[in-house]
Amino acid sequence: MKEPEQGSPEAIYVSAMVGEMMRRVLDDALLDLAKAKGPSYLDTFLERELARYTDLFRERPDDMPATTDALKAWFVADGQTALREVVARAMAAARSE
């Protein structure tokens, strides 16, 4: 089986499926963490992860400026929001159980 061409319908489908699987794994892991340590622990987790992600998107010597700028823009626009939504779902699920 050959690798799908970037931007093709097959590549988009594979990317979406991997993203959905990772979201479910993260949802389950955060729910387990909330059950073990309490839902309020997820606030600490969220702040630590946001700080860590900011550090991950710092420019490195071998990065192209356009790549670094795109990653930072994605994180500011979508990444933080997505992480906050996943944590909020886990908190709500932990509180309802």
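Residues numbered from 1 in each chain as written. Predicted model: local features only at pLDDT ≥ 70, side-chain atom pairs only at ≥ 80, totals over all residues. Heavy atoms only, no water.

(A) Spotlight on the overall build of the chain. Counting secondary structure elements, the chain contains 3 helices and 0 strands. For 97 residues, the compact-globule estimate of 2.2 N^0.38 gives 13 Å, and the chain exceeds it by more than 25% at 16 Å. Along the first, second and third principal axes, the C-alpha atoms of the chain reach 45 × 35 × 20 Å. Out of the 97 residues belonging to the chain, those deemed buried represent 23%. (Helix = DSSP H or I, 4+ residues; strand = E, 2+ residues; numbered from the N terminus. Rg over C-alpha atoms; globule rule 2.2 N^0.38 Å. Buried < 20%, exposed > 50% of the residue type's maximum accessible area, 1.4 Å probe, protein only.)

(B) Highlighting the environment of Tyr 41. With respect to the helices, strands and loops of the structure, Tyr 41 is situated in helix α2 (residues 41-56). Assessed through its relative accessible area of 23%, Tyr 41 is described here as partly exposed. With 50 residues separating them along the chain, Tyr 41 and Met 91 place their C-alpha atoms 9.2 Å apart. Those residues in contact with Tyr 41 that lie beyond four places of it in its chain are Leu 33 and Arg 48. Side-chain polar atoms of Tyr 41 contact the side chain of Arg 48, separated by 3.5 Å. (Contact = heavy atoms within 4.5 Å. Polar contact = N/O pair within 3.5 Å; in protein donor to acceptor, adjacent residues only side chain to side chain.)

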